[in-house]
Each structure stands twice: as structure tokens, then as C-alpha cells.
Amino acid sequence: MVSRILMFVLLAVVLATAALGGWVAPHDPTAPLGAPWRGAGPEHPLGTDALGRDVWSRVLAGGAGLISVSVLAALTASFVGVAGGLAAGWAGGALDRAATALTDLLLAVPSLLLALVVAVALPGHTAVVVATVCGGAPLTLRVVRDAVRSISGAGYVEAARCRGESGAAILVREVLPAMKGVVTADLGLRLVVALQIASALNVLGFGPSPPEPDWALMLRENMVGVAMNPWSVAAPAAALGLTTVLLALSVQLAADRDPVAPRWRRRNVHVGL
Amino acid sequence: MRPPQAAPSGAAPRRRSGVPPLRAPLWALARGVLLLCAVSVVVFAATSLLPGDAAELRASPGATEEQIRALREELGQDAEPWRLYLSWVGGLLGGDPGTSLVNGRPVADAVAQRLPATATLVGGSLLLAAPAMLLLGGWAGSARRGRAVPTALLTGGAAVPTVVVAAGLAALLSGALGWVPAVSLLPPGRPPIQSPELLVLPVLSMALPTALFGGGLLAGAVADVVGRPHVADARRRGRPPWAVAAVDVLPFLMAPFARVLAVAAGGLIAAATVVETLFGYPGLGSLLVSSIASRDVPVVQTVALLAAAVVLAGLALADAVAGGTDPRRRTW
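Residues numbered from 1 in each chain as written. Chains lettered and ligands numbered in written order. Predicted model: local features only at pLDDT ≥ 70, side-chain atom pairs only at ≥ 80, totals over all residues. Heavy atoms only, no water.

S.K.: When you look at the overall build of chain A in this model, what are you seeing that I'm missing?
M.R.: Counting its regular elements, chain A contains 12 helices and zero strands. Reading chain A from its N end, one meets helices and strands in the order α-α-α-α-α-α-α-α-α-α-α-α. Taking the principal axes of its C-alpha atoms as reference, chain A extends roughly 75 × 45 × 30 Å. Across the 273 residues in chain A, those meeting the buried criterion constitute 54%. Counting contacts in chain A only where the partners sit at least 6 residues apart, residues at least 24 apart contribute 71% of the total. As displayed, chain A has an accessible area near 11,400 Å², and 69% of this comes from carbon and sulfur atoms. Between the averaged position of the 19 positive side-chain charges in chain A and that of its 16 negative side-chain charges there is a distance of 9 Å. (Helix = DSSP H or I, 4+ residues; strand = E, 2+ residues; numbered from the N terminus. Buried < 20%, exposed > 50% of the residue type's maximum accessible area, 1.4 Å probe, protein only. Contact = heavy atoms within 4.5 Å. Areas by Shrake-Rupley, 256 points an atom, 1.4 Å probe, with all protein chains shown as cover. Lys, Arg positive; Asp, Glu negative; His and termini not counted. Charge placed at Lys NZ, Arg CZ, Asp CG, Glu CD.)

Spelled out as C-alpha cells, the structure:
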């Protein structure tokens, strides 16, 4: 219980820092302030990068874009997956088979490859969203479909059906609330994968362009100076790693408490990149 | 007439599956080919959406509309999309994926030149990650008490983006300790296996997340097998733990292990783009990324389709292997 609260507090702190860090940064994250590749010192707690910009300010400001894109992508993927899963699980029959075939097709392609191909044609944000939806929505769809199938035999659903409620009303009022835990835990997993895809695309140069502060982009920019100022690589790496790890662990802690979740987690083979 | 023989104790009558042994692999193959066709359409469509085409890219900066149109005709790019798609697929099947728009070299040459480097990288990572994920999965799945710690470690570790692992390893092994070079530039024409010090960082940064990811997936399967009655029975009979692991648990893990390996291989191929670009390693991954950046459509199409083909072949192979290794289906 203590570890769970601690985890959520930590996660909230990290996310809040990433979201609001741009405002509390001591320096302008894009302004050259001093000598390049200076080590940690009183003026620049994490030193400076190749252009003499303050690494600490850039780390504080560099997470907001990454996280907001990932949240948008995860929400879209979850919405598409939940809608599809509700429809497939409730209707069954041909629709269910078509949905299963489509998810098999989408799951066969690694999300990052898909993101790269999409990034050819569309700008960075769209590529992250499309890749997360194509790689993640099928997993959500399966989970939700299975949950719908197991819930739709329950007595209270039967009762609602006997009251003459429409299918849509039953799904929204009776079925969806019963699988709140499943959907939330799944949203967390989608967010982790979206962060992985977004950071990969940003590192490859298909995200924000150079003067912009961004954790993933900083990793690539500062790689050449890793011997002179190790913090310039270690700090953004730690920020990005901490965010994803805390997120994944919080999801797991939340899912462990949920009685429906562990059964599907085991079959969730295509989780990552 | 032979007298009825007593069945050895514990050997239940074996159920033979109704499917003839060849049907399953054939079905897997057919599905893989179908999926590949679908993927080729997706790849072609996505690359066709590119602003600007081969002609505009090739034309000199001051070229007029007229000249670009003439060049487009000359390159054969003015046909309908489905015709272009068919000629592309036809060329691929005939072993000719076209020429690069940037330097005019045949795409097949560029791919053949880069393929050994990526094959070494992905193969080496898989060789390193496969036993590691089996050990990690076994450790996390068979822990009788306090399963939370290993599971948390595997879940948390697998969530870390490959970029972060690569950067962290570079900062540690190259920046702080100075053991290996931070950049893995390979002289052209030199097999990567001859410069093992250049492979350390890329292979480790790909193998580590894969091992954690695969271990997490296998842990569930291990827990399932360990909970089966025959394992408890073997333990009660006093069989040593290593023998229980090798004889009673491992054969049942082959099917999930094959599937996890296939998924992990697909992930490794995708991760190669990031790792190769980050370390400047001259493989197909960095070729794909640089071709996307320079809008070199034929190269992008070929490399993306090749990657998808390898991933699909791996998944089909895993399905076939998984069907063949289930000890309960054994007919001997």
C-alpha cells in the first residue's frame, strides 16, 4: 500500500515537473549562455551542451512536448480500441471475425517500422499517433472484446436487456463501468509504448527540429560530448527513463489490484516495440 | 492375437489432433504471404503520399514544370498508382527493386552491402538475449514468494525506451570508463565481426531491453507450467530442481519461447533503426532512416518491405515450431 502511494506520488511529481518545467527553468533553454561542454558547476548545475546552453533548463523544458504527444496518441489508441472492442464483443459474428483478422494484420508489423513509414509522408506528431493507434488499438480491442464477452452474460446486463434498453445504452451504462480498471491499465500501457515510439522518432530526427529542447533529441545532440560533460546525456536519459519506468510500474500496481486485469496481462504478448 | 498390454502408469491415451501434420505450417505460410501483400500495399501507399516525387528530386533547381513533366515521363513515374505498384512488385519479384533517387545506384547493391552489418547486429543481440530471457523468465516465474520484485524489475526495465538504454550504456562504458568507442563507424567492406569492439555498445543496447521484455512475457508462461500437477509431482518425488527445470518445465516452454523470440526479433529489427543511427553503425536501419530523411522512395520501400518480410517469416516460423513442440502432441 505504501509503495503504491509512493509510486503514484513520484509519478505525479515527474509528470508535473515535465509539464511545468518550462516555466521554472532558470535560463532560456535555447539561448547560448557560456562556453560549450562545461561540466557541472554552481551557475549551470548540469553543465552546458555543444552550443553552451544550460542542460538543466533544457531538461526541465524538454519533456512537455514528448509527453503531450504521447498522451494524445495513447488516448486516441485507447478510444479506437475500446470502441472497436465494444462493437466486436457485443455484436459478435462476422464483425467480430473481421475485427480479429484486422488486429492480426496490424499486430504483425512492428509499430516503430510503421511509424517510420508514416513519418515519410506525415509530420512527426501524426506519425506517433498513427503508429500508436495501429500498434496499440488492436491490443486494446482484444482486451476489451474479451472483457465484454465475459461481462455480457452477467445478471445485471441481462436485467438491462429485459428492461428493453438499447445496445448502446447497455454498453455505456452497464458494461463500460464494469471494466474501468481494465481500460485504465491498458491506457497506461499504451502511454508507455507511445512514449517509446515518440522518443525513437525524435531521436531519428522526425520530431521537433534542433533548437527546440527535447529529451530524446538531446540524447542524440549531446552524444558527441559525452566524455566532456556526461550529464548532458545522463540527465535527459534519466528523465525519460524515470518517466517510462514509473508509468509502467504504476500501471502494474494498479492492475494487480484489479481482479480482471491479471488474466489478460499474461497474453498481452505484443506489448512493446 | 496379442494379449492386451498394460499401459504404463501415468501415460494417458494420447489424443491425436485432427489436423494433418502439414496443414498447420502451410496455413501459417499462406497467412504470412497474404499479410506481406497487405504490408506491401501499405508501404507503397505511405511512400506515395510523399510531397514531391522522383522527377522533382532529380530535376535541377531551376527546372520548369515542362522539364519536370518530361523527366517524370522518362522515369516512367507518370502512370496510374496501381500500375506503378504492380511494376514495383514485379521488379521486386524479379530481383530488381529499382535504383536510388539520390545517387542512382541500384537499390539491391546498397541493401546487399548493408545487410551483413545488420544481420550481425540483430543476430548477435538475439543470441545474447535468448538465454537471458529464458533465465529471467524462469527466475521471475518460479519465485514462490515475493514475485513482486522480479516482476517489477522486468516490467520497469522493459518500459525504458531503447534510446535511453543506448545513451546510458554509452555514457557509462564510453564516457565514464572509456572501454569502447562511442561511435561505431565501420570501414566500408569490412565485416563487422572483425571489429568486435564496435559491436559492444549497439549489441548490448539492443539485447538488454529485449531480454527484459522477453523475460517478462515468459514469466507468465513459466508460472503457468510450474503450477501444473506434473511439476509438483516431480518435486515431491525428490527430483533435483535443475532436472525439474530441464525435463518437466522446459519442453512446455518451447511454444511460448518460440513466439516470444519471433516478437523480440521483430522488435530488434525496429530498434536497429534507432541504435544504428545513434551509434553511426552502417546497417540497413541507418540506411532506412537516412533514406526517409532524403526522400529516397525506392530505398525506403525496399528496406521497409524486407524488414516486414523478415518479421512475418519469423512469426510464421514460430507458429510452425510452436505447433510442433508441444509435448502433449508428441506421437512418439
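S.K.: Hey, could you run me through the state of the cysteines in this one?
M.R.: Each disulfide consists of one covalent bond between the sulfur atoms belonging to two cysteines. Enumeration over the complete set of coordinates arrives at zero disulfides over all chains. Here A:Cys134 stays unpaired: no disulfide links it, and the sulfur of B:Cys37, its closest cysteine neighbor, is 19 Å away. Classification of B:Cys37 by relative accessible area gives partly exposed; the value is 44%. (Disulfide = S-S within 2.5 Å.)

S.K.: Help me understand the interface of chain B and chain A, please; the structure alone is not making it clear to me.
M.R.: Note: interface size is frequently given as the accessible area lost on complex formation between the parts. Contact residues are listed per partner, giving 48 residues for chain B and 39 residues for chain A. A buried area of about 3,700 Å², summed over both sides, lies between chain B and chain A, and 81% of it is on carbon and sulfur atoms. The interface formed by chain B and chain A includes zero salt bridges. The tally of links from chain B across to chain A stands at two residue pairs in polar contact (both at pLDDT 80 or more). Secondary-structure elements contributing two or more residues to the side of chain B that touches chain A are helix H1 (23-48), helix H6 (148-159), helix H7 (162-176), helix H8 (196-226), helix H10 (241-279), helix H11 (284-293) and helix H12 (297-325) of chain B. When residues of the side of chain B that touches chain A are assigned to their parent elements, the largest contribution, 10 residues, is made by H10(B). Residues belonging to the side of chain B that touches chain A are distributed by class as follows: 36 nonpolar, 10 polar and two charged. (Buried area = accessible area lost by both parts, 1.4 Å probe. Salt bridge = Lys/Arg side-chain N within 4 Å of Asp/Glu carboxyl O. Polar contact = N/O pair within 3.5 Å; in protein donor to acceptor, adjacent residues only side chain to side chain. Nonpolar A, V, L, I, M, F, W, Y, C, P; charged D, E, K, R; others polar.)

S.K.: What exactly am I supposed to notice about the pattern of salt bridges here?
M.R.: Pairing between side chains of opposite charge can happen when the charged atoms of each approach one another. Residues and elements named next belong to chain A. Using the criterion set out here, one finds 11 salt bridges over all chains in the structure. Here Arg58 ties to Glu221 by a salt bridge, and the two come within 3.4 Å at their closest N and O atoms. Of this pair, Arg58 sits in helix H2 (residues 55-61) while Glu221 sits in helix H10 (residues 215-221); the two residues are 163 residues apart in sequence, bridging distant segments of the chain. Its salt-bridge partner being Asp146, residue Arg145 comes within 2.7 Å of it at the nearest N-O pair. According to the relative accessible area criterion, Asp146 is partly exposed, its value standing at 28%. What emerges from the salt-bridge pattern is a single network uniting Asp96, Arg145, Asp146 and Arg149.

S.K.: Could you clarify how one ought to interpret the side chain of A:Gln196 in this entry?
M.R.: Within the secondary structure layout, A:Gln196 lies in helix H9 (residues 180-203). Separated by 2.9 Å, the side chain of A:Gln196 and the backbone oxygen of B:Ala159 make a polar contact.

S.K.: What exactly am I supposed to notice about the confidence of the model for chain A here?
M.R.: Low-confidence regions, as indicated by low pLDDT, have predicted coordinates that should not be scrutinised in detail. Residues and elements named next belong to chain A. With 92% of its residues at a pLDDT of at least 70, chain A reaches an overall mean of 79. The lowest-confidence element of chain A is helix H12 (residues 261-265), averaging 41 in pLDDT; the highest-confidence one is helix H3 (residues 64-91), averaging 88. Across residues 259-273, confidence stays below pLDDT 50; counting only partners more than four residues off in sequence or on other chains, it has 33 contacts. (pLDDT = per-residue confidence, 0-100.)

S.K.: I would appreciate a short explanation of the packing of aromatic side chains in the present structure.
M.R.: Residue and element names in this part refer to chain B. Summed over the entire model, instances satisfying the criterion amount to three aromatic pairs over all chains. Where Phe44 meets Tyr85, the ring centres are 5.4 Å apart and the plane angle is 70 degrees; that geometry is what we call edge-to-face. In this pair, Phe44 is assigned in helix H1 and Tyr85 in helix H4 (residues 81-93), connecting sequence segments 41 residues apart. Tyr85 matches Phe44 in its accessibility class, with the two residues each being buried. (Phe/Tyr/Trp six-rings, centres within 6.5 Å; stacked < 30°, edge-to-face > 60°.)

S.K.: Looking at this structure, how should I read the environment of B:Ala258?
M.R.: One can find B:Ala258 in helix H10. A relative accessible area of 14% places B:Ala258 in the buried class.

S.K.: Would you mind going over the nonpolar core with me for this structure?
M.R.: Soluble globular proteins tend to pack their nonpolar side chains together in the buried interior. Within the largest apolar cluster, 93 residues are counted, with the highest numbers of intra-cluster contacts made by A:Leu201, A:Phe206 and A:Trp215. By size, the runner-up hydrophobic cluster in this structure holds 16 residues, among which are A:Val82, A:Ala160, A:Val182 and A:Val183. (Core = buried A, V, L, I, M, F, W, Y, C linked by side-chain atoms within 4.5 Å.)

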